[in-house]
Amino acid sequence: MFRVRRRNTVQQSLQKLGLRCSVDEVRNIALVGSGGGERAMVGLLGSLVQLDKVGLLDSILYLSGVSGSTWCMASLYQEPDWSTKLEAVKDKIIQRLSGPAVSWGDAFAKLKKYYYEKDIFSLTDFWAAMVVTTFVKEIDERTLTEQWNQQSKDPFPIYTLIDKQFKQKKEGDPWFEITPHEAGFSLTGAFVGVSSFGSQFEKGSMIKKQPEIDMLYLQALCGSALADGEEILKFIWQKIKDLFEKKKNILEEMGKEDPDPSIDKCFQVILDLVDMNLCVLDGKDPSAYDKSIRTTLTDLAGGITQLIFPEGKLDLADKEAAKLYMESYSTDVCNNLSVRFSFWPFDFFYSFCRCIFQWIWGRKYYFLNNMTAKPVPIPLLESEMRDYIDAGLLLNSPYFSVLRKERNINLIISLDFSDGDPFTTVKEAAKMCKERNIPFPEVIIPNGHSEKPKDFYVFKGQNVPTVIHIPLFNVVNCGDDIEAWRNKYCTFQGAYSAEMITDLIEVAGKNITNNKAKVVEEIRAIIGLPV
């Protein structure tokens, strides 16, 4: 129903561009935004603003994003019919991003809510409350179903992620999408109503309802791969340290103005344990923290030695052995503390440790649990829970969501905000499509263009969608300063200043302004209109 109505909008938009065609001749156009943290969020916003100004925005049927691009989408769709008032919406978003951060108290309260309101806790909950809020500067508790109006005048939003188990096994369909209607596997076609995503199912029937995920959690689910694994690991441990160093604030939240001295000792053990893990990650001797932990735990137990884990020399050169050592050690410490301190926020810390050592992100009850469905591959039916992670860990642009057969896309406009080689996503997409027999044009990049890309590329062929590929930083909008721009807007850095946001919006917008005529010509070609 939405597609039928949207096609009328697209037809009117094309007529204003001088492309006269009937509603039946209207072709399906998808805009895809890559990952790239706040760079992608702001870059997509700048691109959309210019698409609106040059009259191209209303020609788009689907808007799909990975990681940072989904942060932009989440902000836009807060405003009903945002595409009809984009300049005002842009100003509002910039004002928020340039403004104060979410308060520590509000973020901590949100973390507590996530921890207690559902059955399964993962690092994604922590990432949402304590990390994503520092970039998007808000706690958006609305849900997709609340946010979307079927009469919307905006492109249809598709938020994308991947199934971690399928990524690891390199089989099945890892491509997962969440829209205002449904959540599920893009290529397999197995879906559940979006409000039921995360609820517990058995043989196709819901047996335990869980809260619908809110927009803050969705942004964390889609956008958590901002750096490599070890860098993220250190960052998260440091975030936990920052959290538990705010002892005074935590005690106030607990209502313990004059706490039991034993609680002070529990805080001390936790901070020592965090520092010990950080020490090991940095390849430093953690024995001082080990000694402090053992002493404090013995004090808490009235002089009785507590830790089961034996004292021993840690081989820091063997990273895997060190990781296993710290997992066992930390588990022992948490088990010991949990006997006496089983309440908030200490119970959260024990769950956090389990998640960080097992690297549990985006864990949810699985809607296909124990189903029997012939069209669905057996591996898709075999587990009670699945883990969902940032799609950028497999492919940093959401091609497979718009290549879903039923969507019948004729033109993909790819905005690439990735770090490094701006052609990695489109080349990988072509390779993966070839392996899966999915129609996609051949991608050949001229020599030297990875280092000095232009601002507009077209890939096309017979019986395949046309792909327009636009790298964010290029020789047209950055001249010889491409590397300087890339260094200025790293993926994993603090929130941008107001000046950085304004500059990036302008640079991204130039890619659209400079190429309006070329985009119109590609639309003309897919419709089959004479030049």
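In what follows, the structure referred to is the one given above.
A brief structural summary.

With that settled, the discussion passes to helix α12 (residues 261-281). For α12, spanning 21 residues, the distance from its first C-alpha to its last is 31 Å, which sits close to the expected 30 Å at 1.5 Å a residue. Where burial is concerned, most of α12 is hidden: 16 out of the 21 residues are buried. If you check the start of α12, you find a side-chain oxygen 2.8 Å away from the backbone N of Ser-262, and it comes from Asp-260.

Moving on, we come to the environment of Val-26. Inspection of the secondary structure puts Val-26 in the loop between α1 (2-16) and β1 (29-33). Sequence separation of Val-26 and Ser-383 is 357 residues, and the distance between their C-alpha atoms is 42 Å. Non-local contacts of Val-26, meaning those with residues more than four positions away in its chain, are made with Arg-7, Val-10, Gln-11 and Cys-21.

Turning to the packing of helix α13 (residues 287-300) against helix α14 (residues 319-338), a few remarks are in order. Interhelical geometry of α13 versus α14 gives an angle of 20° and a closest axis separation of 11 Å. Comparing the axis directions of α13 and α14 gives the class roughly parallel. The chirality of how α13 crosses α14 is left-handed. For the pair α13 and α14, contact is made by Asp-290, Ile-293, Arg-294, Leu-297 and Leu-300 and by Tyr-329, Val-333, Asn-336 and Leu-337, respectively.

Within the secondary structure layout, Gln-210 lies in the loop between β8 (205-208) and α9 (215-222). In contact with Gln-210, other than residues within four places in its own chain, are Lys-118, Asp-119, Gly-198, Ser-199 and Tyr-365.

Next up on the list: the environment of Glu-177. Tracing the backbone through its elements, the reader meets Glu-177 in strand β4 (residues 175-178). Here the alpha-carbon distance between Glu-177 and Ser-122, two residues 55 residues apart in the chain, equals 19 Å. Aside from chain neighbours lying at most four places away, what touches Glu-177 is Ile-158, Tyr-159, Thr-160, Glu-182, Ala-183, Gly-184, Ser-186, Phe-191, Ser-401, Arg-404 and Arg-407. Here the side chain of Glu-177 touches Ser-186 through a polar contact of 2.7 Å, side chain to side chain. Among the polar contacts made by the side chain of Glu-177, one reaches the side chain of Arg-404 at a distance of 3.0 Å.

Rules behind the numbers
Residues numbered from 1 in each chain as written. Predicted model: local features only at pLDDT ≥ 70, side-chain atom pairs only at ≥ 80, totals over all residues. Heavy atoms only, no water. Helix = DSSP H or I, 4+ residues; strand = E, 2+ residues; numbered from the N terminus. Expected span 1.5 Å × (residues − 1). Buried < 20%, exposed > 50% of the residue type's maximum accessible area, 1.4 Å probe, protein only. Polar contact = N/O pair within 3.5 Å; in protein donor to acceptor, adjacent residues only side chain to side chain. Contact = heavy atoms within 4.5 Å. Axes fitted to C-alpha atoms, helices over the stretch in contact; angles between N-to-C directions. Parallel < 35°, antiparallel > 145°, perpendicular 65-115°, else oblique. Left-handed = near helix turned anticlockwise from the far one by under 90°.

Everything listed is a geometric property; what it means functionally is a separate question.
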